[in-house]
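Chains, contacts and geometry: an overview
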Amino acid sequence: MALTENRKENGTETAAVPPRGRTVRRLTSPDAASRSKGGQRFMLLGLILASVYSLFPVYWLMIAATKDRVGLYQSNGLWFSGWHLWDNLQQVFTYEDGIFLRWTANSFLYAGVGSLGGTLIALATGYGLARFDFPGRGAVFACVVGSFLIPIALLTLPLYLLFSAIGLVDTPWAMLIPCLINPFSVYLAKVYTEATIPFELLEAARIDGAGELRIFFSIVLRMMTTGGATVFLLAFVNTWNAFFLPLTVLRGEENWTLNLGLYNWTGKRLESGIDVTSLVLTGALLSIIPMAIMMVAMRRYWRTGVTLGALK
Amino acid sequence: MIRSQRWKGAAFTVPFQLGFVFLYLLPIGYAVYQSLFLEKQSGLGLGGATTEFVGLDNYSKGLTDSAFMTSILRVVLFACVQIPFMLLISLLLALFLDAVTAKAAGRFRILLLVPYMIPGVVAAVVWVNLYSPEVGPLTPLGELFGFDWNFFAPSMVWPAIGNLLTWHGIGYNMVIIYAALQGVPRELFEAARLDGASELRIALSIKIPFVRGALVLTALLSIIQMLQIFNEPALFRNVTPETVSDSFTPIMIIYNQAFNAANYHYAAALSVLLALILGVASFLFYRLTSREAD
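Along every chain, residues carry numbers that run from 1 in the direction the sequence is written. Working convention: letters from A go to chains and numbers from 1 go to ligands, in the order in which they are written. Local features in this predicted model are restricted to residues of pLDDT 70 or higher, and side-chain atom pairs are both shown and tallied only at a pLDDT of 80 or more, whereas totals for entire chains, interfaces and linings draw on every residue. By convention in this description, side-chain values take in all heavy atoms of the structure and omit both hydrogens and water.

**A look at the packing of aromatic side chains**
Residue and element names in this part refer to chain B. Counted only if it meets this: In summary, the pairing rule links any two rings of Phe, Tyr or Trp, Trp by its six-membered ring, whose centres are within 6.5 Å, and it sorts them by plane angle into stacked for under 30 degrees, edge-to-face for over 60 and tilted for everything else. Where helices and strands are cited, they refer to DSSP runs of H or I of at least four residues and of E of at least two residues respectively, numbered from the N terminus. Three labels apply to residues, based on accessible area from a 1.4 Å probe with only protein chains included: buried if under 20% of the type maximum, exposed if over 50%, partly exposed otherwise in between. For a Lys NZ or an Arg CZ to count as sitting over a ring, it must be within 6 Å of the ring centre and within 35 degrees of the ring normal.
Counted according to the given criterion, the structure contains 40 aromatic pairs over all chains. Seen from their ring centres, Trp 127 and Tyr 131 are 5.5 Å apart, and the 45° between their planes marks the pair as tilted. Of the two residues, Trp 127 and Tyr 131 are both situated in helix α6 (residues 120-131); the distance of four residues between them amounts to about one turn of the helix. Summarising the burial analysis for this pair, Trp 127 and Tyr 131 share the class buried. One cation-aromatic arrangement involves Lys 61 over Tyr 266; the distance from NZ or CZ to the ring centre is 4.0 Å.

Structure, rendered in C-alpha cells:
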C-alpha cells in the first residue's frame, strides 16, 4: 500500500499549503527537456486536438447566440451572420413575463442557500468524525460512504411522497432541505479536517479553557476556509446541475430551476409547434456564465478539492 | 480523550445524523415497505382502489419485466463501450500532460476542463442542437465528407449520447488520473532512463501501473453514474421521441411508472432492484480489479 501512502502525502501537502500551493508543477520540466522533439510535438498535437474537441461546442453556442432565426437555420454554423445577440437576450429575458430571470434566481437560491447550509453541516460532521472518537462513529462513516451507492431514484421518489404528505412539494423547501444533507461533502470535510487540524492545537485550546463550540467556530472553521470553500463550490455545482430532483418535486414553473426551464423549452417545439431554439441556445449560454465565473474564481480551491477528495 | 469530550464530538454529527435519517433511511425504508403492496381496483374500478399486501410480487414482476431488463442490458452494453473508451482517452491525455512542459500542461488542463464546467442538461441541450439536421453544423459537415448521417436515427442515438458523455467526462477523469501521475516518484523515471528504457516503455511499465487506483476509481464512478443515466436520454427524448422511448433507461422506466402510470408500488420495487444491481455491480468490479492487483 505504498502507493496510497504516497498519494496521501501529496494530497495533504497540496491541501495544507493553500493559495499558491501549486506544488504539483515541480519537476516536470527537466523530464520534458530530455525528451525527443518529435515526441513532444506528437503529444502537443494530441492535446491541441482534444482542446478543439472540448471547445468547439462552446464556440458554436456563442456564435449561435448572436444569430436570429433565419441566420440560425440558413447560415454556416461555424461563422457569424448578423449580430442579433441583444435581440436574443431581450427575448430570453422578456419571454413569458421574464420567467427566465425567475428560474435564474431560483437556481441561485437553491444552490447558494442549500449549499451554504449543507457545507456548514458537513464541516461540523467531518470535524466530529475526524477528531473525536465516539461510539457509533464507524457506523456514521459507513452511512456516508455507503450512500454514494444509492440510486437517486430510490431516494427521490419516496422523498416526493414524504414531501407531498407534509405539503412541501412545489415549494423551495423541497429543493433546499435535501441539499442540507450531502454525504460527499461530509466525506470531503473529514478528509480536509484530517489534513489541516492538528490534534495538538485542539488540546492547547482546551487547556486554555476554550469550549468545544468556541473551538469549532473560532478555530476550526477559520482554518478550514480552503476546504470549506471547495466543499461549498462542489455542492453548489451539484445543485446547480441537479435535474432529477427538481423534475420530481417541483411542479409549477415559477419554482423551476434553469435546467428544468431549458429542458421544457426544448420540448416546446414537439408539444406545441412553437420554435424557441434561439431562446434555448441563448439561455443555455447564459446559464453557463455563472458556472464559468465560479470555476475560474475558485480554480485553485476546487482543483485540489476534486483530486484530493477523489484520491483518498 | 476525556469522556465528556467524546460526547461533544458526537454532538457535532447530530444534525447530519438527524438529516440522514429523515432524507435517506426513512425514504429507503418507505420505498421497501411500499414495494410490498399493490393498488388494486375493486370490481369494475368504480368502487375506488384498495391497497393490498402482495409480498414480493412486484419484485418477481420486475425481474421478468422485459422492458426493465432490456433497459438495464442496454445501459450495461453501452457502459462496456463508452467507459473504457472515455477512460482510455483521459489516460492518454493525462500522460501527455504529464510529459509536456509545465507551462503547456497548465494551459491545456484548463481548456480540457471547460466541458466539465457545463451543467449536464445544458451540455445535452448544446449537443442535441449540434446534432440537429436543421441548425447543427455536424450534418452539413458530414455531407462535405460524403457521410449522410442522422444522429437521431435508432442506430446513431447511442453513439450520439456516447459522444456527449465522453465530451463531458474526459476533463474530470483526466484531472483525477493526472493528479495520481504527479505522485509517481520522479527518480523512478531517471533510473529507468539510465537503464535505457524508452518513454513509451516508462509510460507502460511505470506510469500506468502507478495510476491503477485512480483508473479503478474513475471507472467505478462512471459505472455508478451510467446505470442511473437519465438527463441525457430525457433530453434526447424531448426532440426525438420516436427513437428514445420512455423505457430507454432503467430510471426513465421508474420515473414513468411513478408519475405517468401512477404505479408507485411497482416503481418503488424497481428502484430497490436497481439499487441492488448497482451494489452488486460495484462490488464485483471492485473485487475483480483489486484481485488483479495482488
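Back to the write-up after that little detour.
**With respect to helix α4 (residues 66-99) of chain B**
All names here are of chain B. Spelled out, the test is: In a helix, the anticipated span is given by 1.5 Å times the number of residues less one. Fitting axes to the seven residues that end at a residue and to the seven that start at it, the angle between those axes gives the bend at that residue. Counting of polar contacts relies on pairs of N or O atoms within 3.5 Å, with two restrictions inside protein: one atom must be capable of donating a hydrogen and the other of accepting it, and residues adjacent in sequence are counted only when both atoms are side-chain atoms.
Here α4 is 34 residues long and its end C-alpha atoms lie 49 Å apart, about the 50 Å a rise of 1.5 Å per residue gives. At Ala 79, α4 shows its maximal kink, close to 30°. Regarding α4, its N-cap is Asp 65, as a side-chain oxygen of that residue lies 2.9 Å from the backbone nitrogen of Ala 67 further along.

**Considerations on the environment of Phe134(A)**
Using the following cut-off: The contact rule is simple, with two residues in contact once any of their heavy atoms fall within 4.5 Å.
Among the secondary structure elements, Phe134(A) is positioned in the loop between α6 (99-131) and α7 (137-146). Along the primary structure Phe134(A) and Ala205(A) are separated by 71 residues, whereas in three dimensions their C-alpha atoms are 20 Å apart. Discounting chain neighbours no more than four positions away, the residues touching Phe134(A) are Gly128(A), Leu129(A), Arg6(B), Gly9(B), Ala10(B) and Thr13(B).

**Comments concerning the interface of chain A and chain B**
Here is the rule we go by: Here's the idea: put two parts together, see how much 1.4 Å probe accessible area each one loses, and the total over both is what we call buried area. For this analysis, a salt bridge means a side-chain nitrogen from Lys or Arg found within 4 Å of a carboxyl oxygen belonging to Asp or Glu.
Residue-level contacts link 103 residues of chain A with 103 residues of chain B. With both chains or domains summed, chain A and chain B bury close to 9400 Å², and 76% of this area falls on carbon and sulfur atoms. Across the contact surface, chain A and chain B share zero salt bridges. Taken together, the connections running from chain A to chain B amount to seven residue pairs in polar contact (both at pLDDT 80 or more). The element best represented in the side of chain A that touches chain B is helix α3 (residues 37-64) of chain A, accounting for 17 residues.

**Thoughts on the environment of Val169(A)**
Residue and element names in this part refer to chain A. With respect to the helices, strands and loops of the structure, Val 169 is situated in the loop between α8 (152-165) and α9 (173-180). For Val 169, a relative accessible area of 17% puts it in the buried group. For the pair Val 169 and Ile 99, spaced 70 residues apart in sequence, the C-alpha separation works out to 20 Å.

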